[in-house]
Structures are given as C-alpha cells and as structure tokens.
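Results of the structural survey
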Amino acid sequence: MTTKLKVSLDRLAKFVPAEEIAALAPLMDRCNKTLHKGDGKGNDFLGWINLPSSITKEHLADIKACADDLRAKSEVVVVIGIGGSYLGAKAVMEALNPTFGAFDSRKGNPLVLFAGHNLSEDYMAELLSFIENRSVSLIVISKSGTTTEPAIAFRILRDLMEKRYGRKEAASRIVAVTDGSRGALRTLCDNEGYKSYIIPDNVGGRFSVLTPVGLLPLAVAGVDIEALVDGAAQMERQTGVEVPFEDNIAMQYAAARYALYTRLGKKVELMVSFEPKLQYMAEWWKQLYGESEGKEGKGIMPHSVVFTTDLHSMGQYIQEGERIMFETVISVGAPTGKVTIESDQSNLDGLNFLAGKRLFEVNRMAELGTMLAHIDGGVPNIAISIDSINAQTIGMLIYMFEKAVGISGYAIEVNPFDQPGVEAYKKNMFALLDKPGYEEEGKKLRERIGNK
Ligand code: PA5
C-alpha cells in the first residue's frame, strides 16, 4: 500500500461516528462492483475504469513524438476545447509546471494557451493579437466535434493559420483529438489531412484527461505523461473491487461524502487547498462531480477555495454562515522549493518569532489552525494528503476522484455518466441566434423577453 496519497476521515469523528461510515462499506462495495461489472446506469461510458493500466508505452511514445514535433516548430501552441476537453489538461499543467514558467523565455518550452472555452470576443481578440508575430500550432479537441465554443474558435484560428502558412503547412501544424468516425471535426480531419487522435467512444469528456485529450497538450507542455499515467494505474489497482473498504480510499471518500450528504444534510463540498498550483485541479474536480452527481434534484454541489488567499474572502462565510457545507482538504506533504524567513534586526513587523522557519511551516500551521477553527464552526473535514505535487501523485488523485464519483453517483442512484442538463442553455442560445431548425423556439423566447 503506497503512502503517496492518503484519505483520512479522523476529523469527521465529531460529526459522523466512524462506525456509521464503516457501516456504508457494503453499499460502497456494491457500487464499486457495479462499476466493474458494467451493469449499472450509463454503462456505455466505463472505458475510464481500466484506462490507465491499458495505456501502452507505444501509445505514449507516439503522443510524445507528435508533441515534440509541435514543440519544435511553435512558440505558441493553442489548445482549443471546453469542459472535459479543456479542464484536465489545464489542471495538470497548472499543478505541475512552474507557476511563472509562461513568463520565462529561458525555459525553451512553447507557451501553451487555451481557446474555445469561452465566447468572449475580448479574449479572442487579445489571443489573436498575442500570436500575431509568433509561430503557432493548434491542438483542437472535441469529442462530439460539434460543440459551439471550440468550433467557433477553431474556425477563426484555422482561418488565421491558412492565411499565414498556406493550407498545406497549416494542416501540418494542426492536430485534432476527436471521435473516430462521427462529427464535423472528424470530417475536417479527413478532408484536410490533419494528424488526429481518437477519443474512445466509452470515455466521457470529464473522464478523458488520460486519453490524448489531456496527454497530448500535457506532453507539449513538457509534463511527464508516463509518470502521470503510472500514478493513475497505481490508484486503479488500489481501488479495485478486490480491495476491501478498509484499504480502498475511493470507497472511503465516497462513503464519507455520502454520510455527510444523507445523514447531516451537507449539500456543498468545498475542495480546499493551500497550494495555488492546485486551483485548477479543483476546477477539474468541480466538473467531474458537478456533472456526474448534479441531476434529478440530487447531488452535492462542488465548490472550491484556495487558502490562505480565500480565507480573506470566503473565510467569514465558511466559519459563520449557513451550515450547509463540508470541506475536503488536499494537503501537500512537502514543497519542491525552499524559502526560509530570516531574522530582521529592527523586527518592526514583529515577525522575528518566525525567523529560521520555512514558509511551508507557516502555511502548514495556517492549514491546521484553519481546519480546527472550521471544525469548531461546524464544518466537517475530509483530509486527502499527497506527499508532494508531482506527476505521479496528480495521476493518483485523478483516478481516485474518478473512481469515487462513479461510486458516489451509483450510491445516490443517478447515472453518473450523462449530462442532460448541459443541453438547456445550448437550445436557447441556438434559438436566439436563429440557427436553422430552432425558429419556433426562437420566436417563443423572444416573446418571453419582450422581443429584444
Ligand atoms: O463532460 C462532458 O461531456 C462535457 O463537459 C464535454 O466535455 C464538453 O461539453 C465538451 O464536449 P466536446 O468534447 O464534445 O466538445
């Protein structure tokens, strides 16, 4: 059993007796078995379960070769995608790459920028202006190949590429990640001869970070994708059906959440970290949990904060506001860098009591102090710890969260692998934009808003 990633429920004791959580073991076990047997809801989308252990060295080598080619010819690689086709790569990149790497031209890595994850004209105009005199390649990612935001971004950026490089060279600078046979992006790939990777049919967007959806942009950004996949594969083994509840941290995490939701009525889960590098891991987790559980009027609402920053904004509410939440804290055992606070002769700031201490120790005490205060304020706390932020532990976290959300979804009896609610805004947007086929709906909506 590895000690690189642990889940501790000790700090829940004041709220839910350990025996109550342990009593959920049979339910969690049943849900885990349902996932592995593939006879539950949404069983067309279980390809992620054995994905880490089935990724071959050859597949990783091919992705790295493609990434090296893009790296060699580009100052900027723009990754186009939204939701599950964006957040995984963004999260892992932010966690593993130097925080100020993007501003450091000495590193020799291409700058990886994102597009197609919003419809902001200012964002696009500024991106176009930024890449104007820089060599560029594109990675366009869309499982369906029809999602509006990335499709618009790709149309604009492809046009720029073709005007700048000519159609043939532009095609050599574009790599697509999409469905194997369906969708407009697949047709474009076939027509234009783009290199492409396939997103397996049985892996949904929010579970796709360990497919080329995440791995290709991450390889371009210089992330060690072998170690990432290796970490996930370790967690796949450690959360399998043969691993009992006492050793199975995905089941334990799912059980704790279930108990807090069903027994205590805690409806909000705050993902907390004291490391800003993990901010986007929480964004990725929010999509994973929000889309998987939030349906049929059920599900814990995922929310996130980065402390100590957000203690100065959300701290008040968490300490004394509505008691609707619990926290899940990702603690990091050791930093990668080293900064020590020195003694100061004048001691005008009164901080000499910290002289000789690492900044990390101060952060650690802030974390402990905060958790104790929040527990006293009625906010239960699940503790997840990793020994450090590295590709392996991030891979472990990814798989642990994926496994736990599958179990959690089945425990509250929803289909954790669909997202029917995402369609509602799209229908209205298309109707308001006069998309052919939406005329009637458009008329009704305009009447509703006073024909504006
Ligand atoms: O989880 C999901 O399925 C969604 O968030 C999708 O990832 C997102 O809508 C993007 O879809 P696509 O990859 O088809 O463009």
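Scope of this entry: the structure provided in the associated data block. All values derive from a computational prediction rather than experimental measurement.

1. Structural notes on the overall build of the protein
Summing up its helical and strand segments, the protein has 18 helices and 10 strands in all. Taken against the 2.2 N^0.38 rule, which gives 22 Å for 452 residues, the C-alpha radius of gyration of the protein at 23 Å falls within 12% of a compact globule. When the backbone C-alpha atoms are referred to their principal axes, the protein occupies close to 65 × 60 × 55 Å. Across the 452 residues in the protein, those meeting the buried criterion constitute 51%. In the protein, the share of contacts with a sequence separation of at least 24, taken over all contacts with a separation of at least 6, comes to 79%. For the protein, the accessible surface area stands at approximately 20900 Å², while carbon and sulfur atoms represent 53% of it. Counting 51 positive and 58 negative side-chain charges, the protein places the averaged centre of each group 2 Å from the other.

2. A closer look at unusual backbone geometry
Cis geometry marks the peptide bond from Phe307 to Thr308; its omega dihedral reads 5°. For Thr308, the position within the fold is in the loop between β8 (301-306) and α14 (315-320). A positive phi is found at Glu296, a non-glycine position, where the angle reads about 55°. Here Glu296 is to be found in the loop between α13 (279-293) and β8. Of the residues examined, Glu296 reaches a relative accessible area of 55% and is grouped as exposed. Notably, Asp434 is not glycine yet its phi reads approximately 60°, a positive angle. Along the chain, the position of Asp434 falls in the loop between α17 (423-432) and α18 (439-448).

3. A few points about the sheet that holds strand β1 (residues 5-8)
Sheet strands associate in pairs through backbone hydrogen bonding, adopting either a parallel or an antiparallel arrangement. The sheet built from 5 strands is open, its strands ordered β1-β10-β9-β7-β8 with mixed pairing. Looking at which strands have only one partner, the edges of the open sheet turn out to be β1 and β8. Pairwise comparison of adjacent strand axes, ignoring direction, gives a mean angle of 20° for this sheet. The strands touched by helix α16 (residues 391-411) are β1, β7 (268-273), β9 (325-332) and β10 (381-386); relative to β10, the strand with the most contacts, the crossing angle is about 145°.

4. Digging into the nonpolar core
The nonpolar side chains of a soluble globular protein tend to be buried, and buried together. Counting residues in each nonpolar core, the largest one holds 103 residues, and the members touching the most others are Met28, Tyr253, Trp284, Ile394, Met400 and Phe401. With 13 residues, the top contributor of residues to this core is α16. The residues that make up this core include at least three from each of domain 1 (5-42 + 229-411) and domain 2 (51-225). If you look at the next biggest cluster of nonpolar residues, it comprises 24 residues, including Leu127, Phe154, Leu157 and Ala176.

5. Notes on the side chain of Gln252
Here Gln252 shows up in helix α12 (residues 249-262). Accessibility expressed as a relative area gives 11% for Gln252, which makes it buried. Here the side chain of Gln252 touches Phe245 through a polar contact of 2.8 Å, landing on its backbone oxygen. Within polar-contact distance, the side chain of Gln252 engages the backbone oxygen of Glu246 at 2.8 Å.

6. Points about the environment of Ile82
Take Ile82: it is sitting in the loop between β2 (76-80) and α5 (87-96). Excluding anything up to four places from it in sequence, Ile82 contacts Gly116, His117, Thr147, Glu149 and Pro150.

7. Quick word on the site of the ligand
In the region of the ligand, 13 residues are neighbours, and Ser85, Ser142, Thr147, Gln287 and Glu291 sit closest. Thr147 is positioned such that a nitrogen or oxygen atom in its side chain is 2.5 Å from an oxygen atom of the ligand. Contact between the ligand and Gln287: an oxygen atom at 2.6 Å from a side-chain N or O atom of the residue. Here the ligand has 380 Å² of accessible area as a free molecule, and 88% of this is covered by the chains.

8. Some words on the sheet that holds strand β4 (residues 136-142)
Across the sheet, 5 strands lie side by side as β3-β2-β4-β5-β6; this open sheet has parallel pairing. Strands at the two margins of the open sheet, each flanked by one partner only, are β3 (111-115) and β6 (195-198). Averaged over all pairs of adjacent strands, the angle between their axes in this sheet comes to 20°, without regard to strand direction. Taken together, the 4 bridges between strand β5 (residues 174-178) and β6 define a ladder with parallel strand orientation. Bridged to Ala176 within β6 is Ser196. Here helix α4 (residues 57-73) sits on the sheet and contacts β2, β4, β5 and β6; the angle it forms with β6, its principal contact strand, is near 140°.

9. Overview of the state of the cysteines
Under the definition given, this model contains 0 disulfides. No disulfide involves Cys66; its sulfur sits 12 Å from the nearest other cysteine sulfur, which is in Cys189.

10. What to know about the pattern of salt bridges
Overall, the coordinates contain 20 salt bridges when judged by the stated rule. In this structure, Glu291 engages Arg206 in a salt bridge whose closest nitrogen and oxygen atoms are separated by 3.0 Å. Taken together, the residues Glu291 in helix α13 and Arg206 in the loop between β6 and α10 (212-220) connect sequence positions 85 residues apart. Given a relative accessible area of 22%, Glu291 falls into the partly exposed group. Salt bridges sharing partners connect three or more residues here, namely Asp179, Arg182 and Asp201.

11. With respect to the side chain of Arg186
Within the element layout of this structure, Arg186 appears in helix α9 (residues 184-192). What makes Arg186 buried here is its relative accessible area of 6%. A distance of 2.8 Å separates the side chain of Arg186 from the backbone oxygen of Asp179, its partner in a polar contact. In this structure, Arg186 is in contact with Thr178, Asp179, Gly180, Ser181, Ser196, Tyr197 and Ile198, ignoring residues within four places of it in sequence.

Conventions used here
- Residues numbered from 1 in each chain as written.
- Predicted model: local features only at pLDDT ≥ 70, side-chain atom pairs only at ≥ 80, totals over all residues.
- Heavy atoms only, no water.
- Helix = DSSP H or I, 4+ residues; strand = E, 2+ residues; numbered from the N terminus.
- Rg over C-alpha atoms; globule rule 2.2 N^0.38 Å.
- Buried < 20%, exposed > 50% of the residue type's maximum accessible area, 1.4 Å probe, protein only.
- Contact = heavy atoms within 4.5 Å.
- Areas by Shrake-Rupley, 256 points an atom, 1.4 Å probe, with all protein chains shown as cover.
- Lys, Arg positive; Asp, Glu negative; His and termini not counted.
- Charge placed at Lys NZ, Arg CZ, Asp CG, Glu CD.
- Pairing = 2+ DSSP bridges.
- Axes fitted to C-alpha atoms, helices over the stretch in contact; angles between N-to-C directions.
- Core = buried A, V, L, I, M, F, W, Y, C linked by side-chain atoms within 4.5 Å.
- Domains from an automatic or database assignment.
- Polar contact = N/O pair within 3.5 Å; in protein donor to acceptor, adjacent residues only side chain to side chain.
- Near = heavy atom within 4 Å.
- Disulfide = S-S within 2.5 Å.
- Salt bridge = Lys/Arg side-chain N within 4 Å of Asp/Glu carboxyl O.

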